Every structure is written in structure tokens, then in C-alpha cells.
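One letter stands for each residue in the lines below.
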Amino acid sequence: MEAAVEDAAPTAAPAAPPVPGLPPGPRMPRALQTAIWSRQAQWMLRQSRARFGEMFTIKIAYEGTWVMVSDPELVKQVFTGDPRTFHAGEGNDVLRPFLGDNSVLVLDEKPHIGQRRLLLPPFHGERMQGYGETMTEIAAREIESWPTGTPHKLRPRMQAITLEIILETVFGVHDKERLEPLRVALRDFLDLTTNPAVLLPVLLVGPERVRSIPTFRKRIDRVDALIHSEIAERRAAEDLEQRDDILSMLVAARHEDGSPMSEAEIRDELLTLLVAGHETTATALSWAVERLVRHPEKLERLRAEALAGEDAYLTATIQETLRLRPVIVLVIRKLTEPVEIGGYELPAGTRVTPSIYLVHRDPAIYPEPDRFLPERFLERPPGTYTWIPFGGGVRRCLGAAFAQFEMQVVLRELVKRRQIAPARPGSERPFRRAITETPRHDAEVILS
Ligand code: HEM
């Protein structure tokens, strides 16, 4: 099935004329659907697919109407659709007060492509190798500081690692005196962007008005002042060409007309990379450990291969973790005009949402879909439209190679240095934190 999807020509028009309107879905009131979604998203997705099939509608407060798609053919149609019709940036408007108007996450069409073009080179897969040493040092140092012999929640520890890695590789700050205030301000900024108590008012009063709330403004101003000082320092650096951090590359980057990125553009993209890359990667790492400790034979295989300097099983473990426990369960494209998808003529304004979770749990694509089986990816590499933890098309996660490389480094250092056992008997269930699905008990383990 996968091969057929990968090689398929654009989806042929169905014989029957499209049905105008939305596919069926749960009939409950929007408020009730929202309540269920916020606590039991995966259950709701499974139930709805069982009842309504590959395409169904759910209604979520503040989010509008979502049309879920999980057939890889339809996912392909959405990911490869015209970016003028399939807007992703609009769906991220809630992040605008934090990330600014230039953030690649909140833009669409030409402005989006312009920013993405500037950000792509630093994230090229091969470039990641250059960050290997820094990442390994940070991971080793942090892991050595973790307590042994007592139950210990790994998620906050993984967050500390991913933050340090971003400070070094993205911001390029190594100097201790500059690092500490930046670290404190960025942590505070991250708290803002992941705190539901903050995000809700943003949704209620709207992104524009939120910027005028004094306490909110003060916290953003603090982080901005530090970032602007880093940008100024970097602009003045004489060894810019030799530096390999992402801020230095953005300072050197040029728009198509030859002009440099503005101060505001660089600021917005730096914070975008922080927000997009910090919690997501820490969560994926926590899930990898949560799954591995409940499969000791797989953990042992991973350790043996890591000690032998082999990466194939490590890579497969990461791919399987992101399949079984995707950090983000769906991506959103808002239609700017009516589009025919899966036999329906969906009206403009609909949000089409490829469901990462449902694609990854489809037994036709992944036999025994609920089992943690890294081996499946040793036999067959992930498909573009059947393995989508990083979304797809012109909006595919810019940090996908970065995140997977970072996960490899951290997991390798962890299994080489520590024995790991679960701190509680049962599997940890997914728990929604802002937009990420995290292990309910923060991947609690006992290290020795
Ligand atoms: C395991 C870790 C990560 C996961 C699961 C993840 C997942 C995602 C997903 C699902 C999207 C939306 C894609 C779409 O709409 O089709 C996205 C976008 C994005 N991610 Fe990641 N991400 C991760 C790590 C990172 C890292 C480390 C960075 C950068 C340092 C990053 C930067 C971005 C950016 C800039 C975008 C916006 C791309 C655009 O709109 O053009 N992500 N990510």
C-alpha cells in the first residue's frame, strides 16, 4: 500500500460528483466535543474513525471545524496541495504575540516561503553532524548529574538538555556570563508559550490585544532585550564566517533581493526555533525512554548496538517512538477556497487536519499498530505519507533532521552510561500539555 502511495500520480477525480459540505462526524455540541478532545483526543480519534471512516468532521471551540483525514492518498493531496489554498500559518495565530509577525510558523504563501528559504540551509541534514560533538558533551554532562537509585522524572531533565543544545547550536552562546540570563529569560518565555492559563486569554482577547497586557509585555520585552543584544554582538563579530551556530548563519543570510534579515526577522525566527524545537524534542526523548524501559529486551539490543558503534537500531527506535507516540497528533491546513477532497467539496474556511495519530495506527500500513516494534523500520524505511510525525509538504518540520540527530545523541549517551528501569509498573498514558502529548508521569524511571 505504501509503495502505491509513494509512486501514485495525483489523485484521480472520483467518478461521482463531489458532495458539497462536510463529511459526517460526532453530533455532540461543540463544547462537549472540545471537552472530550482536550482530555481524550486519541480515544475520540479512534472512535470517530471506527464510526465514520477515513474522513470525518469534529468541531472544536476556538479552532473552528476540523475535517480529519487519515488515508495516505488524502494526506498526500493535502501536503502537496497549493500553499495558496492550504494555509498553515493562519492556524498558528495564537503564537503571533510571542513569536512575532515574521515567524515562519505564522506566515503563509510568499512571505512564508521567503522565511523558510532563509532558514533551510542551517538545517540541512549534513550540517547536523557538525553539532554532534556539542550535543554529545551536553547530553553526557547532564546525564552524569542525574540522581540514581530513586524514582526520577525524565521529562524536565530532557527539557534541560534540549534547552542547552538550542542555546549552543541555535543561539551560539557559549560565554557563561551571557548564558545564564539568557537561559532564565528563555525558560520564562517557554513557560508563557506552553501555559494554558496564558494561552486561553490569548484565544479570548485575540492576539493583537494581548500584546498590550503589561505583565505579558514585560516578560516578552525582557527576552527581546537579551536577544537583540546577542544579534548586535553577532553582527559585529569578525569571525562570522567561521561560526556554525544558526544565529550566525541567519545574520549572514540574504533575501532573494540581496538584503539582510532585519533585526525583527532574526528575533522572531530564533524564538520560533526555540518554541518549535525545545518541548517537542524533549517529549519525544521522554517517550523513547518510556517505551524502551517497558521492553527491556529492546533496550538491551539498543545498548549492545550503541556500544558497538552501530546506529541502525537506534534510528529505528526513534522512528518507531515517533510513530507510536507522536508528540503532535495532527497538523492543520485552513482552506482559502473550496477544495474537493475524498469525494467532498469542502467549503473555504474549513480546517483540513491530516491525523498523524490515525495514519500511524492504521493496521493496513503498520501490522500490530499498537505494539512498540522498532524492527519494523529495519525492514522498511518510513514512507513520506505514512510516517508523518513532522507533518509534510512545504510546511514539513524544519528541524526534523536536527531533532532526530539530537535524539540519537541523547539516547546513545543515556544507554551507554546508565541502566534504566521503570519507576511504576504500567505504561504511561499520553497527557496533553498545550499542544504536545507527553507521558502522564513525565517518563518516571530509576537509573543505576
Ligand atoms: C521530535 C521533535 C519535533 C517534532 C515531533 C516536530 C513536529 C513538527 C510538526 C508536526 C510541524 C508542523 C508541520 C506541518 O504543518 O506539516 C513542525 C513544524 C516546524 N518545526 Fe518541528 N518538530 C520537532 C522538532 C523541531 C526542532 C528541533 C526544530 C528547530 C530547531 C523545529 C522547527 C520547526 C519549524 C520552524 C516548523 C515550521 C515549519 C513551517 O511552517 O514551514 N521542530 N514541527
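For the structure given in this document, a descriptive report is provided here. (Residues numbered from 1 in each chain as written. Predicted model: local features only at pLDDT ≥ 70, side-chain atom pairs only at ≥ 80, totals over all residues. Heavy atoms only, no water.)

**Side note on the pairing of strand E11 (residues 430-433)**
Two strands pair when backbone bridges link them, and E11 and strand E12 (residues 436-439) are joined in this way by four bridges, in the antiparallel orientation. Across the sheet, the residue bridging to proline 430 is proline 439, located in E12. Here E11 folds back onto E12, and the loop between the two strands holds two residues, one of which, alanine 434, carries a positive phi near 50 degrees. (Pairing = 2+ DSSP bridges. Helix = DSSP H or I, 4+ residues; strand = E, 2+ residues; numbered from the N terminus.)

**Considerations on the site of the ligand**
Around the ligand lies a shell of 25 residues, among which His112, Arg116, Arg333, Arg395 and Cys397 are the nearest. Between the ligand and arginine 116 there is a distance of 2.7 Å, counted from an oxygen atom to a side-chain nitrogen or oxygen. Alanine 276 has a polar backbone atom sitting 3.5 Å from a nitrogen atom of the ligand. If you list the elements that add at least two residues to the shell around the ligand, you get helix H5 (109-119), helix H14 (263-293) and helix H19 (400-417). No other element matches H14, which puts six residues into the shell around the ligand. Taken together, the residues of the shell around the ligand break down into 15 nonpolar, seven polar and three charged. (Near = heavy atom within 4 Å. Polar contact = N/O pair within 3.5 Å; in protein donor to acceptor, adjacent residues only side chain to side chain. Nonpolar A, V, L, I, M, F, W, Y, C, P; charged D, E, K, R; others polar.)

**Points about the sheet that holds strand E7 (residues 339-341)**
The strands making up a sheet are joined through hydrogen bonds of the backbone, oriented either antiparallel or parallel. Strand order in the open sheet formed by three strands is E1-E8-E7, and the pairing between neighbours is mixed. Of all strands in the sheet, those bounded by a partner on one side alone are strand E1 (19-20) and E7. Pairing of E1 with strand E8 (residues 344-346), which is carried by two bridges, proceeds in the parallel orientation. Within the sheet, the bridge partner assigned to proline 20 lies in E8 and is glutamate 345.

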